[in-house]
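# Summary of the model geometry
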Amino acid sequence: MTIAAATVCLYVIVFGIALGVLISVLVVIPQFIYQLPYLAWAGYTDANSVYPATKDCSFFKDTINATKLYKHWIFHSRLDF
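Here the structure is a predicted model, which means the values were calculated and not measured.

Attention now goes to the environment of A6. With respect to the secondary-structure elements, A6 resides in helix α1 (residues 2–45). You can call A6 partly exposed: its relative accessible area is 46%.

Next up on the list: the side chain of T54. Positionally, T54 belongs in the loop between α2 (47–50) and α3 (59–75). The class of T54 is buried, set by a relative accessible area of 5%. A polar atom in the side chain of T54 sits 3.4 Å from the backbone oxygen of A47. Apart from the residues lying within four places of it in its own chain, the contact partners of T54 are Y38, A47, N48, N65 and F81.

On to the packing of aromatic side chains, then. With the rule as written, the count across this model stands at eight aromatic pairs. Both rings, one in W41 and one in Y51, keep their centres 6.2 Å apart while their planes meet at 35°; by these two values the pair is tilted. Linking W41 in helix α1 with Y51 in the loop between α2 and α3, this pair joins segments that are ten residues apart in sequence. Since its relative accessible area comes to 16%, W41 is described here as buried. The rings of Y38, W41, Y51 and F81 are connected pair by pair, giving a single aromatic cluster.

The next thing to look at is the nonpolar core. Listed in full, the eight residues of the largest apolar core are Y38, W41, A42, A47, A66, L69, Y70 and L79. Among the elements of the structure, α1 and α3 are those that each provide at least two residues to this core.

The terminal C-alpha atoms of α1 lie 61 Å apart, and with 44 residues this matches the ideal 64 Å at 1.5 Å per residue to within 8%. Taken residue by residue, α1 has Q31, Q35, Y38, W41 and A42 as its buried positions. Those residues of α1 that are buried are in contact with α2 and α3. Within two residues after α1, D46 carries a phi angle of roughly 55°, on the positive side.

So, how was this worked out
Residues numbered from 1 in each chain as written. Predicted model: local features only at pLDDT ≥ 70, side-chain atom pairs only at ≥ 80, totals over all residues. Heavy atoms only, no water. Helix = DSSP H or I, 4+ residues; strand = E, 2+ residues; numbered from the N terminus. Buried < 20%, exposed > 50% of the residue type's maximum accessible area, 1.4 Å probe, protein only. Polar contact = N/O pair within 3.5 Å; in protein donor to acceptor, adjacent residues only side chain to side chain. Contact = heavy atoms within 4.5 Å. Phe/Tyr/Trp six-rings, centres within 6.5 Å; stacked < 30°, edge-to-face > 60°. Core = buried A, V, L, I, M, F, W, Y, C linked by side-chain atoms within 4.5 Å. Expected span 1.5 Å × (residues − 1).

Below you can see the structure in the form of structure tokens.
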């Protein structure tokens, strides 16, 4: 009975690791690729000094700022962070 329980525990651990990798591949990597032009723009234009709201942002806040920048580029609207 202990070998079966150990096997089940091993399967649960492997499933948890696989689920974490799957979430990373499906969410974090595409989100990072989505942010790359924004991050390049922010570094090139020194956006931290012009737009203080972009200074210390989290990974998810950078996605929101990237969307605002892309809307500005596409629709030529006012850029506000």
